[in-house]
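One-letter residues, chain by chain:
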Amino acid sequence: ILTIETGLAGYKTVAVSDDGKRMVVADRDVGEAVIIYDLGTGKATKTLPLPAKPPLSAKVSKSDLAKVPEKGVDGLSLSHDGRRLVVKRKYVDGWIELRMIDSETGTSLWSQEVINGEIVFNHNGTLLSMVSEGKSRYSRLLDVEDGKEKSKFAVNASCHAFSPDGAMLAVGSNEGTVYIMDA
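Thresholds applied
Residues numbered from 1 in each chain as written. Predicted model: local features only at pLDDT ≥ 70, side-chain atom pairs only at ≥ 80, totals over all residues. Heavy atoms only, no water. Helix = DSSP H or I, 4+ residues; strand = E, 2+ residues; numbered from the N terminus. Contact = heavy atoms within 4.5 Å. Patch = residues over 30% accessible without salt bridge, like charges linked within 9 Å, V, L, I, M, F, W, Y side chains within 5 Å. Areas by Shrake-Rupley, 256 points an atom, 1.4 Å probe, with all protein chains shown as cover. Salt bridge = Lys/Arg side-chain N within 4 Å of Asp/Glu carboxyl O. Pairing = 2+ DSSP bridges. Axes fitted to C-alpha atoms, helices over the stretch in contact; angles between N-to-C directions. 1 Å grid on protein atoms, 1.4 Å probe; cavity = no way out; pocket = protein on both sides within 12 Å on 5 of 7 lines; lining within 4 Å. Points joined across faces, edges and corners; volume = space filled by probe spheres on them. Nonpolar A, V, L, I, M, F, W, Y, C, P; charged D, E, K, R; others polar. Core = buried A, V, L, I, M, F, W, Y, C linked by side-chain atoms within 4.5 Å. Buried < 20%, exposed > 50% of the residue type's maximum accessible area, 1.4 Å probe, protein only.

A count of helical and extended segments in the protein gives one helix and 15 strands. Within the protein, counting contacts between residues at least 6 apart in sequence, those at least 24 apart form 34% of the total.

Below, the discussion takes up a nonpolar patch on the surface. A cluster of nonpolar residues, Met-168, Val-178 and Ile-180, forms a patch on the protein surface that exposes about 300 Å² of accessible area. Within the secondary structure layout, Val-178 lies in strand S15 (residues 178–182).

In spatial order, the strands read S9-S10-S11-S12; together these four strands make up an open sheet with antiparallel pairing. Across the chains shown, the open sheet's two edge strands, defined by having one partner strand only, are strand S9 (117–121) and strand S12 (149–154). This sheet shows a mean twist of 15° between the axes of neighbouring strands, independent of strand direction. Pairing between S9 and strand S10 (residues 127–132): five bridges, direction antiparallel. Across the sheet, Val-120 pairs through a bridge with Ser-129, a residue of S10.

When its volume is computed, the largest pocket comes out at roughly 230 Å³. For the largest pocket, the lining is made up of 18 residues, of which Val-14, Ala-15, Leu-76, Ser-77 and Ile-119 are closest to its centre. Those elements giving two or more residues to the lining of the largest pocket turn out to be strand S1 (12–16), strand S5 (72–78) and S9. Partitioning the lining of the largest pocket into residue classes produces eight nonpolar, five polar and five charged.

Hydrogen bonding along the main chain pairs the strands of a sheet, whether they run parallel or antiparallel. Pairing is antiparallel in the open sheet, where four strands are placed in the order S5-S6-S7-S8. Across the chains shown, the open sheet's two edge strands, defined by having one partner strand only, are S5 and strand S8 (108–113). Sheet twist, expressed as the mean angle between neighbouring strand axes with direction ignored, is 20°. Sheet analysis places strand S6 (residues 84–90) next to strand S7 (residues 96–102), joined by seven bridges and oriented antiparallel. Directly across from Leu-85, in S7, lies its bridge partner Ile-101.

Glancing now at the nonpolar core. A general feature of soluble globular proteins is that nonpolar side chains tend to end up buried together. Grouped together as the largest cluster of nonpolar side chains are 13 residues, with contacts concentrated most on Val-24, Val-34, Leu-76, Leu-85 and Val-87. Among the elements of the structure, strand S2 (22–27), strand S3 (33–38), S5 and S6 are those that each provide at least two residues to this core. Top contributing element to this core by residue count: S5, with three residues. Formed by 12 residues, the second largest nonpolar core is a distinct cluster that contains Ile-96, Met-100, Phe-121 and Leu-128.

Take the pattern of salt bridges next. All told, the structure shown has nine salt bridges when counted by the stated rule. Among the ionic pairs, Arg-22 bridges to Glu-104, the shortest N-O distance being 3.3 Å. One end of the pair, Arg-22, is in strand S2; the other, Glu-104, is in the loop between S7 and S8, with 82 residues separating them in the sequence. On the accessibility criterion, Glu-104 (45% relative accessible area) is partly exposed. The shortest N-O distance in the salt bridge between Lys-150 and Asp-143 comes to 3.8 Å. Owing to a relative accessible area of 54%, Lys-150 belongs among the exposed residues under this scheme.

Structure (structure tokens):
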């Protein structure tokens, strides 16, 4: 067993590359950066600072927001080749951001406001599937390079997975149905 002391207190969110060589960790409470570790050595190889929160929505005043910390990173997913990292961050005013990052350079490729949900890459790293939770439930396919929506399917989704070749997406519903669709 490899033990890695991250130095992050509280809850963490983690993603591991498909080849088992890299791990990405972020603090769920603060969420100021993601740290990439080499799993062969257990050492941190890179820290990618996350940009400051985008402008406030009208839901909360600046003075109220200043009193309460941001909720931090709520989800991470690495593309299968490890080149792209998607980070989901929640804020106290209810705003949820999905941000795509080049894991080699730390460059933010795009970000957008989203409804809470789970995220997963297809196996060739070109699509991102997101199933939403809450009042507005659906499955969305996003283009990894620009974040544009490729398709949207209304479903009370609870889980999702791509086929190994990335050609199909299976979406499981809370009603007991699994939908298989072209990706």
